[in-house]
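A structural walkthrough
This is what each chain is made of:
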Amino acid sequence: MTTHMTGTREEWLAARLELLAEEKELTRRSDMLAQRRQKLPWVRIDKDYRFETANGSASLSDLFKGRSQLLIYHFMFGPDYTAGCPSCSSIADGFNGVVVHLENHDVAFTAVSRAPFPKLKAFRERMGWTFDWASSFGSDFNLDFSVLFSDQQQREGGIEYNYRREPAARGPQQGETMQEWRLRGSETPVGQMAAMTGTDIATYTRDRPGLSAFVLEDDVIYHTYSSYARGLDGIWGVYQWLDRAPLGRNEEGIWWRRHDEYGQA
């Protein structure tokens with residue numbers, strides 16, 4: 001027998017209408033926030049960033065592909081990774097089919113990662129994706145847009161991600177060996193994610209996910225918006241569906257996999 005509250009159709013409808021009023025208010029609030037995003041000051045980009053793409057070397061302006069707007073997803077795939085971050089891969093499954101619609105509405109799109117382009121190309125083919133993916137290997141792009149940090153920043157508490165400074169990374173506790181510390185870390189959700197990319201926690205978390213927006217006006221590029229961490233929830237499509245399922249997100253640890261890995265041990 002279910003332990004969830006049950007009721008008649010009339011009781012359900014009354015509760016649903018009450019919830020609908022709150023959903024409508026949330027929609028109105030979301031529309032207002034979108035307008036505030038669009039009113040943020042634009043910051044001129046003068047640095048000459050270079051990327052490697054399927055069409056060879058490219059500038060940031062080349063990524064616009066003749067359009068006036070550009071959205072970039074900062075995909076966690078560092079040079080030392082053996083495969084793309086599984087969370088970013090789940091997000092990419094969602095936006096892969098959206099790109100054609102963006103690009104027919106004057107909005108270019110590309111994912112950007114630090115791994116060399118051949119690695120990105122091979123992983124994209126494995127996943128069956130078609131969106132453009134550029135390598136920022138060797139450039140300051142990820143550093144400048146707060147999705148890459150150094151091991152020194154990790155150790156000393158110098159990471160500022162999602163507009164907040166993080167504490168220094170914790171080392172082994174008193175009396176704990178390095179092997180024990182690493183084993184303990186590997187059992188955490190972040191440790192599991194790191195293992196899925198073939199790295200350790202420190203290497204895995206020096207790269208971070210994010211979304212950045214740019215506009216091209218009178219041959220000048222401006223940065224208009226960036227979002228990180230839970231700010232990416234809205235583009236993680238599977239969660240929007242789960243939030244409407246009877247049991248919601250219903251999570252215990254890292255349950256998601258790259259889409260070709262479900263059913264594997």
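Above this note sits the structure.
This structure is a prediction, so every number in the text was calculated from the model and none was measured.

1. Here's the deal with the pattern of salt bridges
Per the counting criterion, the structure on display carries 18 salt bridges. A salt bridge links D144 to K47; its shortest N-O distance comes to 2.8 Å. Linking D144 in helix 5 (residues 141-144) with K47 in the loop between strand 1 (43-45) and strand 2 (50-53), this pair joins segments that are 97 residues apart in sequence. Taking the relative accessible area as the measure of exposure, D144 reaches 36% and is therefore partly exposed. Salt bridges linked by common partners bring R126, R258, D260 and E261 together as one network.

2. A word on the environment of R170
By the element assignment, R170 lies in the loop between strand 8 (164-165) and helix 7 (178-186). The exposed category is assigned to R170, whose relative accessible area is 76%. The sequence separation of R170 and P86 amounts to 84 residues, and the corresponding C-alpha distance is 24 Å.

3. Quick look at the side chain of S87
Topologically, S87 is positioned in helix 2 (residues 86-95). The residues contacting S87, other than those within four sequence positions of it, are M193, W236 and W256.

4. What to know about helix 2
An α-helical turn contains 3.6 residues, so any two residues separated by three or four positions project in the same direction. With eight of ten residues buried, helix 2 is to be regarded as a mostly interior element. Residues P86, S87, C88, S89, S90, I91, A92 and F95 constitute the buried set of helix 2. Packing partners of the buried residues in helix 2 comprise strand 4 (69-74), helix 3 (99-103), strand 5 (107-113), helix 4 (117-127), helix 8 (189-196) and helix 10 (237-242).

5. Topic: the packing of aromatic side chains
Given two aromatic rings, their pairing is described by the distance between the two centres and the angle made by the two planes. Going through the model one piece at a time under the given rule, you end up with 30 aromatic pairs. Considering the side-chain rings of F141 and F145, the 4.9 Å spacing of their centres and the 45° angle between planes classify their relative orientation as tilted. Take F145: its relative accessible area is 6%, and that puts it in the buried class. Between F141 and F214, the ring centres sit 6.4 Å apart and the planes meet at 35°, which makes this aromatic pair tilted. Here F214 lies in strand 9 (residues 210-217) and F141 lies in helix 5, a separation of 73 residues in the sequence. With respect to class, F141 is no different from F214; both count as buried. Across the ring face of W12, the terminal group of R9 is positioned such that the distance to the ring centre comes to 5.0 Å.

Here is what the cut-offs are and how they apply
- Residues numbered from 1 in each chain as written.
- Predicted model: local features only at pLDDT ≥ 70, side-chain atom pairs only at ≥ 80, totals over all residues.
- Heavy atoms only, no water.
- Salt bridge = Lys/Arg side-chain N within 4 Å of Asp/Glu carboxyl O.
- Helix = DSSP H or I, 4+ residues; strand = E, 2+ residues; numbered from the N terminus.
- Buried < 20%, exposed > 50% of the residue type's maximum accessible area, 1.4 Å probe, protein only.
- Contact = heavy atoms within 4.5 Å.
- Phe/Tyr/Trp six-rings, centres within 6.5 Å; stacked < 30°, edge-to-face > 60°.
- Lys NZ or Arg CZ within 6 Å of the ring centre and 35° of its normal.

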